[in-house]
Amino acid sequence: MPLLVLLACFKSKNNNSEMNKKRKNQQMRSYDCGRERQIWLSMLIESKYWNITTKANLYRRKGLLEKINTQFDRAHRAASWSNRDKTRSRCLFSTFIDFTNQLKQLNSTQQYEKVIDLFEKYTYENIPNDMAINQTLKACIESGDTKRGSHIYQRLSSQSKQNHFIQTNFIRLFMKSGDLDKARDIFNQSQNKTIFMYNTMFNGLANNRQEKEAIDLFRQISIKPNEYTYTILFKTCSQLIDQQSRQFGKELLESLPNQYRNDTIIHNSALHMLMQHGEISLAEKIFSNMNKDTISFGVMMSGYLKNNQPTKVREIFLKLNNQMDEINLLIFFGACAELGNEKGLKIGKETFAKLSSQQYFNEKTLHAILNMFIKCSDTKNAENLFKKMNKTSFSYGCMMTMNNNLNEPHQTLSLYKEMKEKKIEIDNFNWILIINALAELDDLSTCELISSELPRKFSDDIQIQNALINMWGKASSADRARNIFDQISKPNNMSYSAIRNVWFSKVKLILKCCCSRQAIQLYYQIPNEIIDDIINICVLNACSHSSFVNKAEEIFQHISLNKRTEKIYTAM
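Only a predicted model underlies this, so the values are computations on that prediction, with no experimental measurement involved.

About the criteria used
Residues numbered from 1 in each chain as written. Predicted model: local features only at pLDDT ≥ 70, side-chain atom pairs only at ≥ 80, totals over all residues. Heavy atoms only, no water. Helix = DSSP H or I, 4+ residues; strand = E, 2+ residues; numbered from the N terminus. Expected span 1.5 Å × (residues − 1). Buried < 20%, exposed > 50% of the residue type's maximum accessible area, 1.4 Å probe, protein only. Contact = heavy atoms within 4.5 Å. Polar contact = N/O pair within 3.5 Å; in protein donor to acceptor, adjacent residues only side chain to side chain. Phe/Tyr/Trp six-rings, centres within 6.5 Å; stacked < 30°, edge-to-face > 60°. Lys NZ or Arg CZ within 6 Å of the ring centre and 35° of its normal. Arc of directions from axis to C-beta. pLDDT = per-residue confidence, 0-100.

1. With respect to helix 10 (residues 164-177)
In this model helix 10 runs 20 Å from its N-terminal to its C-terminal C-alpha over 14 residues, within 8% of the 20 Å that 1.5 Å per residue would give. Within helix 10, ten of the 14 residues are buried, which leaves it mostly tucked inside the rest of the structure. Burial in helix 10 covers these residues: His164, Ile166, Gln167, Thr168, Asn169, Phe170, Ile171, Leu173, Phe174 and Met175. Turning to helix 10, the residues buried within the fold contact helix 7 (130-143), helix 8 (146-155), helix 9 (158-161), helix 11 (180-189) and helix 12 (195-207). The N-capping residue of helix 10, defined by a side-chain oxygen 2.8 Å from the backbone nitrogen of Phe165, is Asn163. Within two residues after helix 10, Gly178 carries a phi angle of roughly 85 degrees, on the positive side.

2. Brief notes about the packing of aromatic side chains
How two aromatic rings sit relative to each other is given by the distance of their centres and the angle of their planes. Under the counting rule described, the total for this entry stands at 14 aromatic pairs. When the ring of Phe352 is compared with that of Phe373, the centres are 6.2 Å apart and the planes differ by 75 degrees; the resulting orientation is edge-to-face. With Phe352 in helix 21 (residues 342-356) and Phe373 in helix 22 (residues 363-375), the pair connects residues that are 21 residues apart, well separated along the chain. Relative accessible area serves as the criterion here: at 3%, Phe373 is assigned to the buried category. Members of the aromatic cluster, connected to one another through ring pairs, are Phe187, Tyr198, Phe202, Phe218 and Phe248. The aromatic ring of Phe287 is capped on one face by Lys292, whose charged end is 5.1 Å from the ring centroid. The ring centre of Phe386 lies 5.0 Å from the NZ or CZ of Lys391, which sits over that ring.

3. Things to note about helix 29 (residues 478-487)
Every buried residue of helix 29 is listed here: Ala478, Ala481, Ile484 and Phe485. Within helix 29, the buried residues cover an arc of 120 degrees as seen down the axis, which keeps them to one side. Seen from the open side of helix 29, the exposed residues pointing more than 90 degrees away from its buried face are Asp479 and Gln487.

4. Topic: the confidence of the model for the protein
Scored by pLDDT, the protein has a mean of 77; 74% of the residues are at 70 or more. With pLDDT under 50 throughout, residues 1-11 is counted as low confidence; its partners more than four residues away or in other chains account for zero contacts. Confidence drops under a pLDDT of 50 for residues 509-514, and excluding neighbours within four residues, the segment shows eight contacts in the predicted structure.

5. Description of the environment of Ile450
In this fold, Ile450 is placed in helix 27 (residues 444-451). Judged by its relative accessible area of 9%, Ile450 falls in the buried class. Separated by 34 residues in sequence, Ile450 and Tyr416 have C-alpha atoms that sit 9.9 Å apart. Other than its neighbours up to four places away in sequence, Ile450 contacts Leu413, Tyr416, Trp431, Ile434 and Leu438.

Written as C-alpha cells, this is what we have:
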C-alpha cells in the first residue's frame, strides 16, 4: 500500500512538473509574441523616416505582421503587456491596413495624384509597408510622375529595394520615362527575378525601340516563360522589319509549348507579327485553325489592309456576321476608303445601309464612314452624313479636305466661319486646311485678315509654318514668306520646298515682265541652301535672253561643282 501511494505521489509530481513546464512555455511564447509586437509598435511610433535599419524592416514585413496579429489573443490572455499598449497597437495596425486599402481604392478610381499626395503626407511620420509603396508606384506610373517616383526610390530601405514586386514597378516607371539605364540596373541587381519582371523588361525595351535587346534578353532567360511573354515577344518582332527578327518570330511560333497552342491572345499577337512581315499564307493557315474572337478578325483585316489587299478585308468582315465591334467597323470602312473607287464605295454603302437599321454607330465609326465617302468622291452622301452628325473639329476637317481637293476654297472658308459661330475648337489640322484654302484664293487681303486670327500656340507648328510660306508666296508676299521661314528653328524638306517655290515664282514673275536685270539682282538675295537646279537654270536663261554673258559666267562660277547638272551646262 505505501508503495502505491509513493507511485501516485511521484506520478502527481511528474504531472505537475509537466503542467508547469507547458505553462512556462506558453508564457514564454506569449512573452515573445508580445515582445515582437512591442518592438514593432515602438518602431512604428518613434520612427519618422523610412530608411531605418535592417532589423526594423524585418519586424514590419507583411509575414511578421500577420504572425503577430494571429498571436494577439494569446498575448492578451498572458497579460504580458499593458492594456494601453494593446489598444494602441490594434489602432495603429488597423490604420496601417486602412491606409493601404485607401490607396488601392483611389488607384481603382484613377485618382493618381491623390494617391501620391496622401502617401507623402502619411510617410512624413509613419513607416509604409511594401503594399503601400507598390500602390503609390502604380499611381506614379499611370500619371507619368517620374520625378516623385524617383524620389520614392531614393528613400527606400535596402530591404524594400529587394522586394521583387517593387523592383518590377520601378522597372516599369523608369522604362516609361525613358531611363533605360536605371531600369537595367534594377533588373541586373535583383536577386529574385520573376517572369513578371522579365516581361516588364521585354515590354519596356520594345516600347523604347530596343527590340533586338529584348530578343537577346529572352535568349538568356532562365525562367519558364508564360503566355504574356510570348504575346510581348510577338509584338516586339512585329516592330522590326529585318530578316533575322522575322525568322526569330517564326521559330518562336513553332516552338510554342503545347499548353499555349490554343491560346487565342497569343495567336492574335502572332497573326499581327506575320502580317507585318508579309507572311500572309502562314497567317491565313493559323487563322483558319485557331480559336477566333473578334480581335482575330480585326487583326486579319488590318493585315490585309497593310498588305494592299482591301478586297480580302471585306471577305473577312462578312464572316463576322453579328459579332462586329467598333474596331472591326473602323478597319472595314478604312479598307473601303483605301480602295477609293466605285467598288470600295459600293461595298461600304451596302454595309452601312444594312447596319444602319440594326445598330447605332458611334462618333468614331461615323467619321470612318464620312472619310470613306470623301475618299471615294461621293460628295452628296458625305454632305448628307455631315449634316446629321454631331459635328467636331475632325468631321469639319474631313469636309475641308474634300472641298480643297475639289478646288472649292470658298466652301472651306465657309466651314471655318461656321466653326467660329458654333464655338467648335479649331485644331492645328483645321488651320492647315484653312491656310491651304487661302493659298488657292490668291487674295492678299483675305490672307491677311484670316491669318491674323491664327492662335499664338500654333505659331511654332512647322506644318502650319510651311503652309503659311506657301500661302504668302502665292499671295505675292515673298518677304512675309521669308520671315516665316527664318522663324523655323529646324526647317524640314517641306520648308525648303515651300520657300524655293516662293523665290522661283517671284523670279518667274519678274522675267514675265522682261526684267532680266531685276531677276538677277533677286537671285543674289536668295539664301544658298534654298537655290536649286530650277532657280539656277531660270536665272541663266534670263542672262541668255538679255545677253548678260559676264553675269552668266559669274553665276556659273557661283554654283558648286556637285550642283552643276547637265541642264546647267546646257543653259550655259
